[in-house]
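The primary structure of each chain is shown beneath.
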Amino acid sequence: MKRIGYIIQKEFRQIFRNKAMLPIIFVMPLIQLLILSNAATFEVKNIKFSYIDHDHTSASRSLIEKFEVSSYFNVISDFPSASLANSAMLNGEVDVILEIPGNLERDLVKDKYVKLGIAINAINGAAAGVESVYINQIVRDFNKAIKVELVGQPQSSGPPISIATIPLFWYNETLNYKTFMVPGILVMLVTMITLFLSGMNIVREKEIGTLEQINVTPIRKSQFIIGKLFPFWVIGMALLSIGLIISKLIFDVPMVGSLALMYFYTSIYILVVLGIGLFISNYTDTQQQAMFIAWFFMVIFILMSGLFTPIESMPGWAQIITEFNPVKYFVEVMRMVMLKGSNLEDILPQLLKTLVYALAMNGLAVWSYKKTT
Amino acid sequence: MDNQPIIQVESLTKRFGDFSAVDAITFKVDKGEIFGFLGANGAGKTTAMKMLIGISNPTSGKAHVAGYDVFTQAESIKKSIGYMSQKFALYDDLTVKENITFFGGIYGLSGAQIKEKTALMIEELELHEVAHQLVGALPLGWKQKISFSVALLHNPKIVFLDEPTGGVDPITRRQFWEMIYKTAHNGTTVFVTTHYMDEAEYCDRVSIMVNGKIEALDTPKRLKEQFEVDSMNDVFLKLARG
Amino acid sequence: MKRFKGFVRKEFYHIFRDKRSLFILFGMPIAQILLFGFAITNEINNVDIAVLDHSRDATTGEIINKIAASKYFSINEFIERETDIESVFQKGKIKAVLNFEKNFSRNLIRDNTATIQIITDATDPNTANTISNYTSSILRNYQQELNRDIQLAYQVLPEIRMVYNPELKGVFMFVPGVMTIILMLVSAMMTSISITREKELGTMEILLVSPLKPVLIIIGKVVPYIFLSVINAIVIIVLSIFVFKMPIQGSLFLLGVESVLFIITSLSLGILISTISTTQQTAMMVSLMGLMLPTILLSGFIFPISSMPVPLQVISNIIPAKWFIVLLKGIMLKGVGIVYLWKETLLLFGMALFFIVVSVRKYKIRLE
């Protein structure tokens, strides 16, 4: 038991003596948390809007004005012709082109409806979808206004039937993306640090020759691995704590659920990541290989965590793969506990899966560490 | 019990695919001996030693170290032996004292014992000035001596030294061998590999490995007589030329 | 020149002798692009929703059927009370609840209006917003059907044309991003340790005494990796075209040239990291920790840059990945040529130059 203590003591000494690594471990992630959390948003705004007005009447101008006052659209410019407008879209200067046909006002009164040409840069399909919703809303407002203007009262067979839809956004009334993203980014950062540190640790001792020295001592494999786990576990928990404080103070992310539950879950989660790291470290010969493998898994963990794109949107086989992504569970638990106030019973499935994962990975780490080859 | 050889090796072999790094070697080492395990670079010395210290599994053959079987009781062997690797594996980013504390602790020494041993080592090796310096900053000769002493922290019965004097000047080498003598005098068996043939003169008995096999095994005096030469260096040259 | 060639050849040997690393260098990017091309998308499918129907009449039934028929939604549960909403969200599976008011049909007939609440779990605000929008459109279509007999008078009808990506395929948005991320990170990582490794192994001295000029040493270290990364890039592009059906509206040649330019920029960034780090471990941690999240988040790969706060939009300009994504989308999806893309090309070129110059300078300092 005491032998584990000596390993822990050595690791801590090495970590804190390494002046170059300390800022990378503590400062870099927290700065990224502060800055990058502001980047993550799916809100569609500042849409680069342009128009071609063939009509030049008060009707066309009032339509254009509606786009000008909208907070979603930035009117970049107007173009005299379609070809110039299309060229601007090719150039990336505008993303929406509204073409108002000539004789808008006249045709409205005569034919009672007029078709409006709208081109949307649809490379980002989801954003394009949202943009078209906004455009439809603005056009509808315009229609209501112009009908009253042109004709006075509508002559229809009766007032239209309307289904009033009231969108309610629970846990995040203002659709504040930070509420969602900040905990997620914090998870990523903690995972990265713990994975990379543990992944390179044992390999480094292999490279400098001290691992061989240790293998000739009577220390048990499990003692060795546990001694290696503990310091990085502490670092992970410390990073998480500081990150949580920043989330609350600077981003005002709510903490609805139990903080203790959050910590309890995280303490097990970090063990999973460390187990994976040590396992990688046992199988690689150079720090470079360890780094690449750790990177490989990290990118997969990040992109398939459900933080940036929903897991429900992934094909079935990909969803199965995410079952093995520890980050996915962390993101789920984080959102459920911090934002919805879910309790132990609610997160039990994730907790159990993470626990099993932790035992499996660390067991593998111990098993794959061979004192005798 | 005292008459039993402390190292007994019989037809020990290590193969990597088709290549036999160690080819059926047989020998024994008595308690308290300074046994020199000589050979050119690549002859198989380090591979053989790795089997004896329990970090490499033999392909075939038998060996007993300190009464334990290297194949089935590797972990028990490690309680009774000390090891100094070619790279003087100490942590460059820890101080001398911290290295001693770490390895002492790994070997199961109590806090008091570690303190005592540290003081002793600092005294004997005159490390007063550098005890709190990082090992990485020390010259090679000091690392060598500290590494050797660390291998002896837990009073092992045998200490295995792998090319311990590589890269240091002749005076430092001489000093180091004085340390080895003292250790052997206290009853510790010393098993040392080296490719410096002049160091063979310092050993009680030597074996010379060529291409994985032991081609000579005797005291330095008798080997010189056998090959009718004046130095161990010449013994080796004669052997190597075949 | 001969010395330079010899130097480059030595670097090649180093790389190709390390079989395991090679496998990692080639195999992993392929695995990743295949994985992400299929898995990363924000199209929503079969989202689990619940229905709280206080009326249970013909109209609500019709509406519920319409929703159930949509491929976007999967009606998972029918709840009885308002209080159930909380617990259903907390369990985590249900993402939205449709709450129909009492006497829905009767209100529609009598007052011409009735209310449905679309309650979404907005802990994932993006999905919540999308669900809200999609549900609203389904309901609006239904409403239009109800109003079919009422004349469409004095209306402007928007006819929306989706340009460059008419089918709104998610792949078009994400595959260029995935390509960029993988190329950038692999390239930067490869070179980030190349110089620090020499430092740690002690072979740096040999380099320092060689008559090769520092700039040639730096360039010599980049060259072998260009070769490797180009192979990676080719594989990635081929996969994008044949597996993900990405078009190449523009010039394949231009695509190739820009890719090589981007690779050189990424490799130079790696070398820069290498010259400012003292140990391999530091170099690796910097290239891993320092590049991964900023590249993913600030390059426009997933989050539109125009939606970010202005300071971040400014910062995003120094991320090489951002410009390459613009180039990729331009060439592959918009079909434009160098005439439209010269700005981005020049920028990448400038960045590469900058990284190399600073690396050489830092390296020279080490010489003294």
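Residues numbered from 1 in each chain as written. Chains lettered and ligands numbered in written order. Predicted model: local features only at pLDDT ≥ 70, side-chain atom pairs only at ≥ 80, totals over all residues. Heavy atoms only, no water.

1. Observations regarding the overall build of chain B
Per the secondary structure count, chain B includes eight helices and ten strands. Since a compact globule built from 242 residues should have a radius of gyration of about 18 Å, the 18 Å found for chain B is in line with a globular shape. Looking at chain B as a whole, 56% of its 242 residues are labelled buried. Counted over contacts in chain B with a minimum sequence separation of 6, partners at least 24 positions apart contribute 68%. A gap of 4 Å separates the mean positions of the 26 positive and 30 negative side-chain charges of chain B. (Helix = DSSP H or I, 4+ residues; strand = E, 2+ residues; numbered from the N terminus. Rg over C-alpha atoms; globule rule 2.2 N^0.38 Å. Buried < 20%, exposed > 50% of the residue type's maximum accessible area, 1.4 Å probe, protein only. Contact = heavy atoms within 4.5 Å. Lys, Arg positive; Asp, Glu negative; His and termini not counted. Charge placed at Lys NZ, Arg CZ, Asp CG, Glu CD.)

2. Structural notes on the interface of chain C and chain A
With 116 residues of chain C at the interface, the matching set in chain A holds 122 residues. Summing the contributions of chain C and of chain A, the shared interface buries around 11,200 Å²; its carbon and sulfur component is 66%. Our count for the chain C to chain A interface comes out at three salt bridges. The partner of A:Lys340 in a salt bridge is C:Asp121, with the nearest N and O atoms 2.5 Å apart. Counting across the chain C and chain A interface gives 26 residue pairs in polar contact (both at pLDDT 80 or more). A per-element tally of the side of chain C that touches chain A places helix α12 (residues 280-298) of chain C first, with 15 residues. (Buried area = accessible area lost by both parts, 1.4 Å probe. Salt bridge = Lys/Arg side-chain N within 4 Å of Asp/Glu carboxyl O. Polar contact = N/O pair within 3.5 Å; in protein donor to acceptor, adjacent residues only side chain to side chain.)

3. A closer look at the interface of chain A and chain B
Often, the extent of an interface is quoted as the loss of accessible area upon association of its parts. Across the contact, 26 residues belong to chain A and 35 residues belong to chain B. Between chain A and chain B, a total of about 2,700 Å² is buried, with carbon and sulfur atoms accounting for 57% of that surface. Sorting the residues of chain A by area buried against chain B places A:Tyr6, A:Gln213 and A:Val216 first, and these three jointly supply 25% of that buried surface. For the pair chain A and chain B, the interface holds four salt bridges. The partner of B:Glu75 in a salt bridge is A:Lys371, with the nearest N and O atoms 2.8 Å apart. Taken together, chain A and chain B are joined by 16 residue pairs in polar contact (both at pLDDT 80 or more). Contributions of two or more residues to the side of chain A that touches chain B are made by α1 (2-17), α7 (177-208) and α8 (210-215) of chain A. With nine residues, α1(A) is the single largest residue contributor to the side of chain A that touches chain B. The residue makeup of the side of chain A that touches chain B, split by class, is seven nonpolar, nine polar and ten charged. (Nonpolar A, V, L, I, M, F, W, Y, C, P; charged D, E, K, R; others polar.)

4. Some points on the sheet that holds strand β7 (residues 158-162) of chain B
All names here are of chain B. Here we have six strands laid out as an open sheet, ordered β6-β7-β8-β3-β9-β10, and mixed in their pairing. The open sheet has two edge strands, β6 (81-84) and β10 (213-218), and neither has a second partner. On average, each strand axis in the sheet is tilted by 15° relative to the strand beside it, whichever way the strands run. As defined by bridge partners, β6 adjoins β7 across four bridges and the pair is classed as parallel. Bridge pairing in β7 places Gly82 opposite Val159. Packed onto the sheet, helix α6 (residues 170-185) meets β3 (34-39), β6, β7 and β8 (189-194) and runs at close to 135° relative to β3. Sheet strands touched by helix α7 (residues 220-227): β9 (205-210) and β10. Its angle to β10, the strand with the most contacts, is close to 110°. (Pairing = 2+ DSSP bridges. Axes fitted to C-alpha atoms, helices over the stretch in contact; angles between N-to-C directions.)

5. Let's talk about the sheet that holds strand β3 (residues 96-100) of chain A
Read from one edge to the other, the open sheet built from five strands follows the order β2(A)-β1(A)-β3(A)-β4(A)-β5(C), with strand pairing classed as mixed. Either end of the sheet is taken by a strand with one partner, and the two such strands are β2 (73-78) of chain A together with β5 (155-163) of chain C. Across the sheet, the mean angle from the axis of one strand to that of its neighbour is 25°, orientation sign disregarded. Two elements, β3(A) and strand β4 (residues 113-121) of chain A, share four bridges in a ladder whose sense is antiparallel. Residue A:Leu98 lies in a different strand from β4(A), and its bridge partner there is A:Ile118. Running over the sheet, helix α4 (residues 82-91) of chain A touches β1 (47-53), β3 and β4 of chain A together with β5 of chain C and is turned about 170° from β3(A).

6. Comments concerning the packing of helix α11 (residues 287-303) of chain A against α12(C)
Contact geometry of α11(A) with α12(C) gives a least axis separation of 11 Å together with a crossing angle of 15°. Taken together, the axes of α11(A) and α12(C) are roughly parallel relative to one another. Seen along the crossing, α11(A) lies across α12(C) with a hand that is right-handed. Residue-level contacts link A:Gln287, A:Gln288, A:Met291, A:Trp295, A:Met298, A:Val299, A:Ile302 and A:Leu303 of α11(A) to C:Gln281, C:Met284, C:Leu288, C:Met292, C:Leu293 and C:Ile296 of α12(C). When grouped by side-chain class, the residues that make up the contact of α11(A) with α12(C) number eleven nonpolar, three polar and no charged. (Parallel < 35°, antiparallel > 145°, perpendicular 65-115°, else oblique. Left-handed = near helix turned anticlockwise from the far one by under 90°.)

7. Considerations on the pattern of salt bridges
As enumerated under the stated definition, the model contains 29 salt bridges over all chains in all. Of the charged contacts in the structure, one is a salt bridge between A:Glu205 and A:Lys228, with a shortest N-O distance of 2.5 Å. Remark: A:Lys228 occurs in helix α9 (residues 221-251) and A:Glu205 occurs in helix α7; sequence separation between them is 23 residues. You'll find A:Glu205 and A:Lys228 in the same group, each marked buried. Here C:Asp48 ties to C:Lys93 by a salt bridge, and the two come within 3.0 Å at their closest N and O atoms. Here C:Asp48 is found in strand β1 (residues 47-53), whereas its partner C:Lys93 is found in the loop between α4 (83-91) and β3 (96-100), with 45 residues between them in sequence. Via salt bridges that share partners, A:Lys10, A:Glu11, A:Glu205 and A:Lys228 belong to a single interconnected network.

8. With respect to the nonpolar core
By size, the foremost hydrophobic cluster in this structure holds 247 residues, and its most contacted members are A:Phe196, A:Trp295, A:Phe308 and C:Met292. Looking at this core, the element that brings in the most residues is α7(A), giving 18 residues. Setting aside residues no more than four positions away along its own chain, A:Phe308 makes contact with A:Phe42, A:Met181, A:Ile302, A:Leu303, C:Ile296, C:Leu297, C:Ile302 and C:Phe303. By size, the runner-up hydrophobic cluster in this structure holds 30 residues, among which are A:Leu63, A:Ile100, A:Leu104 and A:Phe142. (Core = buried A, V, L, I, M, F, W, Y, C linked by side-chain atoms within 4.5 Å.)

9. Details of helix α1 (residues 45-52) of chain B
Residues and elements named next belong to chain B. Among the residues making up α1, those that are buried are Lys45, Ala48, Met49, Met51 and Leu52. Buried residues of α1, seen end-on, are gathered within an arc of 155° and therefore sit on one face of the element. Of the residues trailing α1, Gly54 is marked for its positive phi of about 85°. (Arc of directions from axis to C-beta.)

So, to be careful, I would describe these as geometric facts and stop short of saying anything about function.
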